Amino acid sequence: MAQSVIQVDAFTDRPFRGNPAAVCVLPGPADPGWMQDVAREMNLSETAFLYREGDGFRLRWFTPSVEVALCGHATLASAHVLWSEGHLPSAEPARFSTLSGPLAAERRGDWIELDFPRAAAAETDAPPEIVTALGAPAVWIGADPDRRYLVELDSAATVRDLEPDFARMASVPNHGVIVTARADAPGVDFVSRFFAPNIGIDEDPVTGSAHCALAPYWAERLGRTELTGHQVSARGGVVRVALAGERVKLQGQAVTVLRGELVGAAGAATR
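So, here is what we can say about the structure in this document. In this text the structure is predicted, and so the values were computed from the model without any measurement. (Residues numbered from 1 in each chain as written. Predicted model: local features only at pLDDT ≥ 70, side-chain atom pairs only at ≥ 80, totals over all residues. Heavy atoms only, no water.)

On to the environment of Gln36. The residue Gln36 is located in helix H1 (residues 32-42) in this model. For the pair Gln36 and Val255, spaced 219 residues apart in sequence, the C-alpha separation works out to 24 Å. (Helix = DSSP H or I, 4+ residues; strand = E, 2+ residues; numbered from the N terminus.)

Structure follows, in structure tokens:
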């Protein structure tokens, strides 16, 4: 039996911008090996799999090489698919059970708001290989609870112009490196990029989960709890953030760009 797959560009309102994610709405649990094979075949930074469970949906995310505990853009894409493809009434929140606990998404006009855990970074001494791999001096370095380094650089231009040494970066055990700086354009508070060669993604176009660390970092420095971030990858994307206690509200837009079928590729149902 064919399994439908939908590709969505997340954190953008235009096709071929933002971060693409594949979404498979399943009839029930599937074999993790099959899900990993599908993610490898899709070859996107993330493929999401979800199915009905109780009053919500079980949601899992896979890169082409590993399963991850949290992904913002594929959650945004999943909520978009549930509403746009008729799996969930448009006025009803999307609720997910995940490896990172319960998550939720709600529609806010043309935007989708995600409720994610806060992941503030604590200042640390990063391995010298990280700074060498970036090729730019750091203003501040910290690490968040998800083992990602957060590195502030001296300017937005430096962030945009980085050409990291991914092989050197991958030599240090970590779940990614977030680089950031104050924005130099109106309507935006900070810019960022995200590199994760250790999990098969040299550069992620737009990373919702990274903003769980970026939001508290820039809120403290700019003195505001509601901010707008621009991830300045080649595709680019905008993420609105707001602190809410131990949670972070992330807002983004999404657009469907492809509908297809995985012919004869249904995975054996397992838990």
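Counted according to the given criterion, the structure contains six aromatic pairs. Between Trp140 and Tyr217 the ring centres are 4.9 Å apart and the planes differ by 45°, which places this aromatic pair in the tilted class. You can see Trp140 sitting in strand E10 (residues 140-143) and its partner Tyr217 sitting in helix H6 (residues 211-222), a full 77 residues away along the chain. Tyr217 matches Trp140 in its accessibility class, with the two residues each being buried. Aromatic rings pair up to connect Trp140, Phe190, Tyr217 and Trp218 into one cluster. Sitting over the ring of Trp140, Arg221 keeps its end group 5.3 Å from the ring centre. Just above the ring of Trp111 sits the side chain of Arg240; from NZ or CZ to the centre is 3.6 Å. (Phe/Tyr/Trp six-rings, centres within 6.5 Å; stacked < 30°, edge-to-face > 60°. Buried < 20%, exposed > 50% of the residue type's maximum accessible area, 1.4 Å probe, protein only. Lys NZ or Arg CZ within 6 Å of the ring centre and 35° of its normal.)

What follows concerns the nonpolar core. As a rule of thumb, nonpolar side chains are buried together in soluble globular proteins. One finds Leu50, Trp61, Leu82, Ala94, Phe96, Ala105 and Leu250 to be the most contacted residues of the largest nonpolar core, which totals 54 residues. Apart from the residues lying within four places of it in its own chain, the contact partners of Ala94 are Ala79, Leu82, Trp83, Leu88, Leu103, Ala104 and Ala105. In this structure, Ile141, Val159, Val191 and Phe195 belong to the second largest nonpolar core, which totals 20 residues. (Core = buried A, V, L, I, M, F, W, Y, C linked by side-chain atoms within 4.5 Å. Contact = heavy atoms within 4.5 Å.)

The subject of this paragraph is the pattern of salt bridges. Per the stated rule, a full pass over the model turns up 16 salt bridges. Of the charged contacts in the structure, one is a salt bridge between Arg168 and Asp165, with a shortest N-O distance of 3.7 Å. Under the relative-accessibility criterion, Arg168 is labelled partly exposed at 37%. Relative accessible area serves as the criterion here: at 34%, Asp165 is assigned to the partly exposed category. Arg221 is the salt-bridge partner of Glu220, the closest N and O atoms lying 3.8 Å from each other. Take Arg221: its relative accessible area is 30%, and that puts it in the partly exposed class. Connected through shared salt-bridge partners, Glu106, Arg108 and Glu113 make up one network. (Salt bridge = Lys/Arg side-chain N within 4 Å of Asp/Glu carboxyl O.)

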